[in-house]
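Given next are the chains, with one letter for each unit.
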Amino acid sequence: MDTIGEADMKYTNQRVEIIAFLREHKGHPTVDEVYDGVRKKLTRISKATVYKNLKFLSQKGLLEEVNVKGVTRFEANFVPHHHLICRKCGKMDDFQSEKLFDYSMKIAEDIEGFSIDSMSTNFYGTCKQCKEENRNG
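Residue indices begin from 1 for each chain and proceed along its sequence in written order. Only residues with pLDDT of 70 or above have their local features reported here, since the model is predicted, and side-chain atom pairs are shown and tallied only from 80 upward, although totals for entire chains, interfaces and linings are computed over all residues. Excluding hydrogens and water, the side-chain figures rest on all heavy atoms present in the structure.

Student: Explain helix H1 (residues 13–24) residue by residue, including any values.
Tutor: Each helix corresponds to a stretch of at least 4 residues labelled H or I by DSSP, and each strand to a stretch of at least 2 residues labelled E; elements are numbered beginning at the N terminus. Take the number of residues in a helix, subtract one, and multiply by 1.5 Å to get its expected span. Here H1 is twelve residues long and its end C-alpha atoms lie 16 Å apart, about the 16 Å a rise of 1.5 Å per residue gives. Whether a residue is buried, partly exposed or exposed follows from its accessible area with a 1.4 Å probe, protein chains only, as a fraction of its type maximum: under 20%, in between, or over 50%, in that order. By the burial criterion, the buried members of H1 are Arg15, Ile18, Ile19, Phe21 and Leu22. Buried residues of H1, viewed axially, fall in a sector of 160°; they line one side. Set apart from the buried face of H1 by more than 90 degrees, the exposed residues are Asn13, Arg23 and Glu24. Those residues of H1 that are buried are in contact with helix H2 (31–39), helix H3 (47–59) and strand S2 (71–75). The arc in question is formed by the directions pointing from the helix axis toward the C-beta atoms. Whether two residues are in contact is decided by their heavy atoms: any pair within 4.5 Å suffices.

Below, the structure written as structure tokens:
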């Protein structure tokens, strides 16, 4: 087998391990976090290789890039979802709402000249941990 899914690309150990790490990692890791995780299995991999492969896999549609506070994070969760982002610590959690997704896609039907196949919404605020630290601090 020399392709992954429908992406028409070479099947390499680096790409397989990066995708496997992101599928197992439920968060939204940075390049450094992906590098640290993948390096446990591929000890000789470089950060530049991880970065190039993350960009490549994103362009092929196998990963999603999410930018928060100027930091690029990656995920392999393609179930329609939104993000809850803490303005204080930058923590990002997934938030699933079929109602919000359906409502947004219904509105999108009225946009002329642009075909929308997916969407996501980011909600910004303060996470529970930061709220508690603020109360106790």
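Student: So what about the packing of H2 against H3? Which residues, and what values?
Tutor: Across the interface, H2 lies against H3 with an axial gap of 9 Å and an inter-helix angle of 115°. Taken as a pair, H2 and H3 cross one another with a handedness that is right-handed. Residue-level inspection shows Val31, Asp32, Val34 and Tyr35 of H2 in contact with H3, the latter providing Lys47, Val50, Tyr51 and Leu54. Axes, fitted as lines to C-alpha atoms, cover a helix only where it is in contact. Angles between the N-to-C directions of the axes lie from 0 to 180 degrees. Handedness of a crossing follows from how the near helix is turned relative to the far one, being left-handed for an anticlockwise turn of less than a right angle and right-handed for a clockwise one.

Student: Talk me through the environment of Asn77; I want residue IDs and the actual numbers.
Tutor: Position of Asn77 relative to the elements: it lies in the loop between S2 and strand S3 (82–86). Along the sequence, Asn77 and Val16 sit 61 residues apart, while their C-alpha atoms lie 16 Å from each other. Residues adjacent in sequence count toward polar contacts only when both atoms are side-chain atoms; beyond that, a polar contact is any pair of N or O atoms within 3.5 Å, and within protein one must be able to donate a hydrogen and the other to accept it. Here the side chain of Asn77 touches Val79 through a polar contact of 3.0 Å, landing on its backbone nitrogen. Within polar-contact distance, the side chain of Asn77 engages the side chain of Asp94 at 3.0 Å.

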